[in-house]
Amino acid sequence: MSTSVMDPGTAMMTLMTPEGKRDPYPLYEALRAYGPLLRLGPDQVVVTGHAECFRALREPGLLSTDGPVQDRMMPGWREHSSWVWLTKNMLFSNSPDHERYRRFFSVAFTPRRIAELRPVVEKLITELVDRLAETGADGEPVDFMAEFAFQVPMAVVGHMLGIPKEDWPSFRGPVGAITTALEPIRDLAQLDQGDAGMDWMAEYFTDLAAKRRAEPADDMVSEMTRARDERGELSEEELIANFMLLLVAGTEAPMDLIANAVRLAVAHPEHADALREDPSLAPGYIEETLRFDPAAQALNRMAATDLEFFGVPLTAGTKVTLLIAAGNRDPRRFTDPGRFDPYRSGNHALTLSGGAHFCLGAGLARMQSEIALPAVLRRFPALALAGEPTFRDQLVQRGFDRLPVKCG
Ligand code: HEM
């Protein structure tokens, strides 16, 4: 069906199909044709406008999915460990718990702490590029997702948290499983794999915290566990829940950012060559990747009380779906939004959120991808696709499942 004549309900339904997730962008335009903020039913609105998403993220009356919100949205979730743990972390909580968690962990993400990490990140990335060169020697096709895009953020966040290197590979499966719990579901059984991933990871971090209590090291799990024991600002479960958030948020989305950036470089050789020549172009290139093909496409909020939003009355309990990937292509905000242009100035992508929940790891995500991208492109001047990429069946956390490449 042509998307230009699609009604909003059909466009939303199509967005949830594997084809829709593979290429959601025409569907966002079909929705935008009905306005930047669109009522889909008595208690659901969908937002495609940049200004509207931007404001929604800063509107205190629109809540993130905490326990009480989830009681309205997904009755039965309390039987599922994925969401039981998620609602104990800072992302899926609201004031005042949110501030309490965020204050506690933000000491590890100050610009100074991130800048101090830079040499370590450079070293980790050099090692991973060397390994990729070995795996892809003689033009052997490699899956870029498994062999590099996941490994970079896993090494970075694994190093920060103090996860022993030999355990890093065990995290990919559970991380992927946990992110499926963030997708819209029709049946609670769809949470089962997320539950299993979360159970595994909760046990892992509980064990790691116990080890670091017995024998502290120079890492975040030791630092935060000691701070909790001394100051008692968090419960033990809240501590573990937020370690898990840092691990999941710190790996899956950065993996997709790095892979999307490389995929775009292959599609735009002129930009890839410019980056090879001048790695200082990387920040603009990464910002444009975040705007054009974002790792996070949709965020959820719920109206806490009756309120008016851009002239639209929302009753308490209204579900507000923020299609931030659509907002990133709003022609009222960006000139020629469907064009990938790493030289765009004043790029204000919505991909790292905004307001209270603005991504705590934004600086870290940018730093590692700005190092990784030119490192890969310079090392592999003939980098090319070695087959069609496949997508995971996900929209909220959208990205490739496999990205086959040839390194030379
Ligand atoms: C490309 C990479 C990344 C993307 C696209 C991304 C995206 C996001 C988004 C959209 C949110 C807010 C969601 C909402 O408002 O509902 C968020 C929050 C968060 N992110 Fe990221 N993120 C990335 C990398 C990272 C990294 C590397 C870390 C840490 C190691 C991290 C840690 C967090 C945390 C802790 C929050 C919760 C903040 C809060 O609720 O106050 N993220 N991220």
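Residues numbered from 1 in each chain as written. Predicted model: local features only at pLDDT ≥ 70, side-chain atom pairs only at ≥ 80, totals over all residues. Heavy atoms only, no water.

A. Representation of the coordination of the iron atom of the ligand in the model. The protein supplies the iron atom of the ligand with one donor atom, Cys 359 (SG), which lies at 2.3 Å. Relative to the helices and strands, Cys 359 is located in the loop between helix H18 (324-327) and helix H19 (362-379). (Donors = N, O, S within 2.8 Å, 3.2 Å for Na, K, Ca; no water. Helix = DSSP H or I, 4+ residues; strand = E, 2+ residues; numbered from the N terminus.)

B. A look at the sheet that holds strand S9 (residues 384-385). If you trace the 3 strands from one edge of the open sheet to the other, you get S4-S12-S9, paired in antiparallel fashion. Single-partner strands in this sheet number two, and they are strand S4 (142-143) and S9. The sheet contact formed by S4 and strand S12 (residues 404-406) spans 2 bridges and is antiparallel. Paired with Asp 143 across the strands is Pro 404, a residue of S12. (Pairing = 2+ DSSP bridges.)

C. Representation of empty space enclosed by the protein. Applying the stated criterion across every chain yields a total of 1 cavity of 30 Å³ or more. When its volume is computed, the largest cavity comes out at roughly 40 Å³. Lining the largest cavity are His 271, Ala 274, Leu 275, Leu 281, Tyr 285, Pro 342 and Tyr 343. Tallied by class, the residues present in the lining of the largest cavity amount to 6 nonpolar, 1 polar and no charged. (1 Å grid on protein atoms, 1.4 Å probe; cavity = no way out; pocket = protein on both sides within 12 Å on 5 of 7 lines; lining within 4 Å. Points joined across faces, edges and corners; volume = space filled by probe spheres on them. Nonpolar A, V, L, I, M, F, W, Y, C, P; charged D, E, K, R; others polar.)

D. Main features of the sheet that holds strand S3 (residues 62-63). With mixed pairing, the 5 strands of this open sheet are ordered in space as S1-S2-S8-S5-S3. This sheet does not close on itself; its edge strands, each paired only once, are strand S1 (37-41) and S3. With 4 bridges connecting them, strand S5 (residues 299-303) and strand S8 (residues 319-322) associate as antiparallel partners. Bridge pairing in S8 links Leu 299 to Leu 322.

E. Seen up close, the site of the ligand. Within the structure, the ligand sits among 24 residues, and His 98, Arg 102, Ser 353, His 357 and Cys 359 are positioned closest to it. Arg 102 is positioned such that a nitrogen or oxygen atom in its side chain is 2.6 Å from an oxygen atom of the ligand. At the level of elements, helix H7 (97-106), helix H14 (236-249), helix H15 (252-267), S5 and H19 are the ones that each hand at least two residues to the shell around the ligand. (Near = heavy atom within 4 Å. Polar contact = N/O pair within 3.5 Å; in protein donor to acceptor, adjacent residues only side chain to side chain.)

F. Structural context of the packing of aromatic side chains. Tallying each qualifying case throughout the model produces 15 aromatic pairs. Between Tyr 25 and Tyr 28 the ring centres are 5.8 Å apart and the planes differ by 80°, which places this aromatic pair in the edge-to-face class. Remark: Tyr 28 and Tyr 25 occur in helix H3 (residues 25-32); sequence separation between them is 3 residues, near one turn of the helix. Assigned by exposure class, Tyr 25 and Tyr 28 land together as buried. Taken together, a centroid distance of 6.1 Å and an interplanar angle of 80° make the contact between Phe 105 and Phe 243 edge-to-face. With a gap of 138 residues between them, Phe 105 in helix H7 and Phe 243 in helix H14 connect regions that are remote in the sequence. The exposure class of Phe 105 is buried, given its relative accessible area of 0%. Through successive ring pairs, a cluster of aromatic residues spans Phe 104, Phe 105, Phe 171, Trp 200, Tyr 204, Phe 205 and Phe 243. When the ring centre of Tyr 25 is taken as reference, the NZ or CZ atom of Arg 329 above it lies at 3.7 Å. (Phe/Tyr/Trp six-rings, centres within 6.5 Å; stacked < 30°, edge-to-face > 60°. Buried < 20%, exposed > 50% of the residue type's maximum accessible area, 1.4 Å probe, protein only. Lys NZ or Arg CZ within 6 Å of the ring centre and 35° of its normal.)

Fair warning: the whole summary comes from geometry, so function is off the table for now.
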